[in-house]
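# Survey of secondary and tertiary structure
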Amino acid sequence: MTVRPATDVVARLIARFGALIRRNAGFRRQIGENASVDDLDERILDLLVDDARQSITVLARRLHVARSTLQERIARLERNDVIAGYTVRLGPAATGRRVTAHVAITVDPKRGDHVQQTLRRIAGVRTLHTVSGPFDLIAVVAAESTAEIDRVLDRIGGIPGVERTMSSIVLTTKFDR
C-alpha cells in the first residue's frame, strides 16, 4: 500500500468536496425584512417550483443533504413567508377556460380602489397586477370563447374610473412556472 503525503490527501479532498464546502460556506442573500436565503435554499426553491409534489426523500437525494436538513430548511422558508403555499394549477380542460387575454388598464387615480374591487368581482378576471409604465394595471382574463372575452372587456371598460384599455389575446403559452 502506498502512503501518500498529508498535503496530497488534503488536496484531493478539497478537489472533491470544494464545491460543496463553498456552496455551504454561509453566503446568504437577504429577501424581504425577515428572511434570507442561501444557495441551498435557492436550489430547494428551484426544485419545488419545478415540481412541488416530489417527496422529501427524493428532494434530499437530489440535493445531497439529509432529510432532516431539508425538512428544517423548508419549514424555515414557510415560516418566513418565502414559501407562501402549495397549490394545484388547473389546466384549460378542467376549467373550461380556453382563451386568455392580457388587458392593460389605465385608471383614474381617484377611483383606483373602486376599480380594483370591481375587477375582483368579475369571474373572468383571474389575476390583477399593478404595473409601471403607461398603464396602471394588467388583468389576466380567461374565458371559454373570444365572445366571452369580449363581454368581459366590455364590463371592464364600463367600470367607473377605467379611462382606457388595451388587450392582447394569448395565442400560445410557451411555458408557465
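What you are looking at is a predicted structure, and each value in this text was computed from that prediction instead of being measured.

### What to know about the pairing of strand β5 (residues 137-143)
Most of β5 sits out of view: six of its seven residues are buried. One ladder, built from seven bridges, connects strand β3 (residues 99-107) with β5; its direction is antiparallel. Following the sheet pairing, His 102 is matched in β5 by Val 140. As defined by bridge partners, strand β4 (residues 125-130) adjoins β5 across five bridges and the pair is classed as antiparallel. Along β5, the bridge assignment pairs Thr 130 with Leu 137. Once β4 ends, the chain turns through six residues before running back antiparallel as β5, passing Gly 133 with a positive phi of about 110 degrees.

### Let's talk about the pattern of salt bridges
Working definition: two side chains of opposite charge can pair if their charged atoms are close together. Within this structure, the stated rule accounts for four salt bridges. Within the structure, one salt-bridge network assembled from shared partners comprises Asp 38, Asp 41, Arg 73 and Arg 76.

### Digging into the packing of helix α2 (residues 39-50) against helix α3 (residues 56-63)
Packed helices, taken two at a time, are described by the angle their axes make and the gap between the axes. Where α2 contacts α3, the two axes come as close as 11 Å, and the packing angle between them is 130 degrees. What the angle tells us is that α2 and α3 run oblique. In terms of crossing hand, the pair formed by α2 and α3 is right-handed. Packed against α2, whose contacting residues are Leu 40, Arg 43, Ile 44, Leu 47 and Leu 48, the element α3 presents Leu 59, Arg 62 and Leu 63 at the interface. Its residues assigned to classes, the contact of α2 with α3 comprises six nonpolar, no polar and two charged.

About the thresholds
- Residues numbered from 1 in each chain as written.
- Predicted model: local features only at pLDDT ≥ 70, side-chain atom pairs only at ≥ 80, totals over all residues.
- Heavy atoms only, no water.
- Buried < 20%, exposed > 50% of the residue type's maximum accessible area, 1.4 Å probe, protein only.
- Helix = DSSP H or I, 4+ residues; strand = E, 2+ residues; numbered from the N terminus.
- Pairing = 2+ DSSP bridges.
- Salt bridge = Lys/Arg side-chain N within 4 Å of Asp/Glu carboxyl O.
- Axes fitted to C-alpha atoms, helices over the stretch in contact; angles between N-to-C directions.
- Parallel < 35°, antiparallel > 145°, perpendicular 65-115°, else oblique.
- Left-handed = near helix turned anticlockwise from the far one by under 90°.
- Contact = heavy atoms within 4.5 Å.
- Nonpolar A, V, L, I, M, F, W, Y, C, P; charged D, E, K, R; others polar.

By themselves these figures say nothing about function.
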